[in-house]
Amino acid sequence: MSVSVRDALRMAGLYVLLSILWLALSELVLHGMTEDPLALAVGRQINVVLWVLLSAALIFVSRARLLDFIGIGARLRSEDRERLRMAAAVFDSTLEGVLVTDRNGLIVHVNRAFMRITGYQQEEVIGQRPSKFKSGRHGAPFYQQIYAALAEQGEWSGEIWNRRKSGEIYPQWQTICAIRDDSGELSHYVAVFSDISVIKHTEQELAYLVHHDPLTGLPNRLLFNDRAMQAMAAAQANKRGCALLLLDLDHFQSINDGLGHTIGDQLLKLVGERLREVLGNGVTLARLGGDEFGVLAESCQQVGQAGKLAQSIIERLKEPFCFEGNRLFISASIGISLFPNDALSAEQLLRNADSALFKAKSNGRACYALYTEELTAHAQQRVETAGELRRALEQQELRVFFQPVHDLFTARMIGVEALVRWQHPVRGLVPPGEFIPIAERTGMIAEIDAWVLCQACRQMMRWQAEGRQLAFVAVNISSRLFSQRDLYRQVANALHDTGLDPSLLELEVTESAVMEDPEVALEQLHRLRELGVTLAIDDFGTGYSSLLRLKRMPVQKLKIDQGFVAGLPHDEDDIAIVRVIIALARSMGMQVHAEGVEQAEQARFLLEQQCQLGQGYWFGRPVPAAELHWG
């Protein structure tokens, strides 16, 4: 049986109330019975006896409950002791350091976390003042502010730097509370703190990452722009100039696609290290994103100095990069913009350098180009053209034209090459030289090539249904599309969807695209050959083909670049090159296809040299399918 405090109090009150009522009632009865003093005294004695007997009876009847009530105090004292034990355990096991001082500021207790964080043992700090841990980083006003907050609000929280026993200074987040007793008098101070060294370190790392490239450790675009603005302000104040060089690695995407991003990332790190070696101190080098780097040279005030710096970078990067069993070669194109000649703001200086970079890539890559005012108009036009080209894809403004390919021995058209054209709603037919380079730069060329492939296959099926007998339809495959792993699937889908016989489809890949990564190209070509299509190397003679690798490739045709055909039959160099290419192809069992034939004497010379196929304005210009001449 158990009893609550409320039940015990209710029992005691009832007992007192019954006692009072009993005595009062007895007194009235006695006064009513007699006026005799002796009888009255005897009655009162009897009444006392009866009251004692009644009390004894109540106590006897309720002894179990009274015993429970007496046990309440014992249990309360036991519960208090348990709570104190729990509080002590929490105090000693919490991860936060706890320090308690008396009202005079002398330390009276610390927990285990305090000892772990500070390095001090309990006996070393008891009786000492917290000023023992001062770091020296805070002045008197800082501590005065803490004392004022404790006096006015009874609490202070904030960041504070203290010193460990080892002498190391470290940051804490600390809360100090003033403790008062029941009478409101100050009795103790309690300080609870956490070591926030890790948090501070993380904040520093985040601040570093905001302004630096995590792969190379170089400044990023944000920091580069800031330093460019500072450099230009200093240059303007000191009446001197500076140069901004924008550097882009040539055909870097092929390394990522062929060898994987891990190898590509390692190559970028090595490029960054090599650039540091070339540039030295006093020059800001940054990775702006992808394979693009920025160089800010405050000491380059003349065009000649900037050009010399750019050329030294280009030459240094041509040296092979050897790591993890790989021996990789990479080249770079550089655009140069000068302050104050070319621009007066960092943003414009960067844009101008980008325009010059585009010019360098258009000039054949692995070179540098200087900004000129004409490039600004060209850059603006490129931006506008890129936007319109995207719309052209969506609005189906692109067209496929076909240029005839003739057998030089029979003078008959035996095939066609599919070429993309842009029918602009306002400008009319846009020359391919205006939009193809922009499509390549923006990456839209892969999407365009895939679209041309499907259109060419469909048109070839229509001609087959009409009884038009052609040996092949040739489709150009850009280096961007050729580097994609799903090219095989795209070609297979185009053949399946249209029903075209694979032997009627010829895929042309440029020599430079094949030589960017020969091993990957070899695998890609073999997979395409498995489909049954014909493969041709386009623009042969303009790259750096390895004859050993060329021999291993499943290629059926070499196409002589029109640049070598243009000088025939008078230019001795062109004559020599064409003869060598024809002899090479014939010895390897390949067909030879000459592009850019515009004169009868060129066609005649090629026929004399046993070149089988010719293509050019002499045989016919590119036209829509409906206008193709079948005579």
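Analysis parameters
Residues numbered from 1 in each chain as written. Predicted model: local features only at pLDDT ≥ 70, side-chain atom pairs only at ≥ 80, totals over all residues. Heavy atoms only, no water. 1 Å grid on protein atoms, 1.4 Å probe; cavity = no way out; pocket = protein on both sides within 12 Å on 5 of 7 lines; lining within 4 Å. Points joined across faces, edges and corners; volume = space filled by probe spheres on them. Helix = DSSP H or I, 4+ residues; strand = E, 2+ residues; numbered from the N terminus. Nonpolar A, V, L, I, M, F, W, Y, C, P; charged D, E, K, R; others polar. pLDDT = per-residue confidence, 0-100. Contact = heavy atoms within 4.5 Å. Pairing = 2+ DSSP bridges. Axes fitted to C-alpha atoms, helices over the stretch in contact; angles between N-to-C directions. Buried < 20%, exposed > 50% of the residue type's maximum accessible area, 1.4 Å probe, protein only.

A few points about the layout of surface pockets
Here comes step 1: A volume near 600 Å³ is recorded for the second largest pocket.
Here comes step 2: Every element with two or more residues in the lining of the second largest pocket is listed here: strand 1 (97-102), helix 4 (112-118), helix 6 (140-153), strand 3 (155-163), strand 4 (169-180) and strand 5 (186-195).
Here comes step 3: In the lining of the second largest pocket, the residues fall into 15 nonpolar, seven polar and two charged.

Examining the confidence of the model for the protein
Here comes step 1: Across the protein, pLDDT averages 81, with 82% of residues at or above 70.
Here comes step 2: Predicted confidence for residues 1-5 stays below pLDDT 50, and this span has 13 contacts to residues more than four positions away or in other chains.
Here comes step 3: Scored below 50 in pLDDT, residues 48-67 makes 15 contacts in the model with residues more than four places away or belonging to other chains.

Side note on the sheet that holds strand 7 (residues 283-289)
Here comes step 1: Strand order in this open sheet of five strands is 7-8-6-11-12, and the pairing throughout is mixed. If you trace the sheet from one side to the other, it starts and ends with strand 7 and strand 12 (368-370), each paired once. Averaged over all adjacent pairs, the angle separating strand axes in this sheet is 20 degrees, with direction ignored.
Here comes step 2: Bridge analysis of strand 6 (residues 242-249) against strand 8 (residues 292-297) gives six bridges, and the strand direction is antiparallel. Among the inter-strand pairings, L245 is bridged to a residue of strand 8, identified as V295.
Here comes step 3: Along the sheet, helix 10 (residues 261-279) contacts strand 6, strand 7 and strand 8; its crossing angle with strand 7, the most-contacted strand, is approximately 160 degrees.
Here comes step 4: Here helix 12 (residues 346-362) sits on the sheet in contact with strand 6, strand 7, strand 8, strand 11 (332-339) and strand 12, set at roughly 145 degrees to strand 11.

Thoughts on the pairing of strand 8
Here comes step 1: Counting buried positions along strand 8 gives six out of six residues, so the element sits mostly inside the fold.
Here comes step 2: Residues E292, G294 and L296 line one face of strand 8 and the alternating positions F293, V295 and A297 line the opposite face, and both faces are buried.
Here comes step 3: One ladder, built from six bridges, connects strand 7 with strand 8; its direction is antiparallel. Looking across to strand 8, one finds that V283 is bridged to A297.
Here comes step 4: Taken together, strand 7 and the strand that follows it, strand 8, pair antiparallel across an intervening segment of two residues, in which G290 is found at a positive phi of about 60 degrees.

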